[in-house]
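# Architecture at a glance
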Amino acid sequence: QVQLVESGGGLVQAGGSLRLSCAASGSIWGTNTMGWYRQAPGKERDLVATVTPGDNTNYVDSVKGRFTISRDNAKNTVYLQMNSLKPEDTAVYYCAAYSPEYGTWMYWGQGTQVTVSS
């Protein structure tokens, strides 16, 4: 059984930083691209950043230069370091694992709230 558990969300002032963590368990990790999505109230869930098993990363334009995604293979954990946070970064952040077998984002965490005050 695959499980993704996020932590690290909270309330921060604009310009501040947070680090999200996502611990993965079950029969995934080695071949799975990992990602962070976010969903603001009344909006769709959008992809924020991805990291491949080979540590190649990709970011949505709005977070480039401010967010850093990384993975620790020894701990089966993926991180999202968020710096220079803005009120528009306020959202529920979800960790996800891509299944190359099914060609979709197959596994999801429960989400963690990030609130940035102005």
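The coordinates are above.
Every value quoted in this text rests on a predicted model; they were computed, and no experiment measured them.

### Quick look at the pattern of salt bridges
Close approach of charged atoms lets side chains of opposite charge pair. Within this structure, the stated rule accounts for three salt bridges. A salt bridge links Asp-89 to Arg-66; the shortest N-O distance between them is 2.7 Å. Here Asp-89, found in the loop between strand E8 (77–82) and strand E9 (91–99), pairs with Arg-66, found in the loop between strand E6 (57–59) and strand E7 (67–72); they are 23 residues apart in sequence, far enough to count as distant. On the basis of relative accessible area, Asp-89 is assigned to the buried category, the value being 1%. Among the ionic contacts, a cluster of salt bridges with common partners joins Arg-38, Arg-66 and Asp-89.

### Overview of the packing of aromatic side chains
The final tally for this structure, using the stated rule, is three aromatic pairs. With 5.4 Å between their ring centres and 75 degrees between their planes, Tyr-98 and Trp-105 make a pair best called edge-to-face. Relative accessible area serves as the criterion here: at 29%, Tyr-98 is assigned to the partly exposed category. The exposure class of Trp-105 is buried, given its relative accessible area of 18%. Here a set of aromatic residues connected by ring pairs shows up, and it is made of Tyr-37, Tyr-98, Trp-105 and Trp-108. For the cation-ring pair, Arg-45 lies above Tyr-94, with the distance from its terminal atom to the ring centre recorded as 3.7 Å. Taking the ring centre of Trp-108 as reference, the NZ or CZ of Arg-45 above it sits at 4.9 Å.

Conventions we followed
Residues numbered from 1 in each chain as written. Predicted model: local features only at pLDDT ≥ 70, side-chain atom pairs only at ≥ 80, totals over all residues. Heavy atoms only, no water. Salt bridge = Lys/Arg side-chain N within 4 Å of Asp/Glu carboxyl O. Helix = DSSP H or I, 4+ residues; strand = E, 2+ residues; numbered from the N terminus. Buried < 20%, exposed > 50% of the residue type's maximum accessible area, 1.4 Å probe, protein only. Phe/Tyr/Trp six-rings, centres within 6.5 Å; stacked < 30°, edge-to-face > 60°. Lys NZ or Arg CZ within 6 Å of the ring centre and 35° of its normal.

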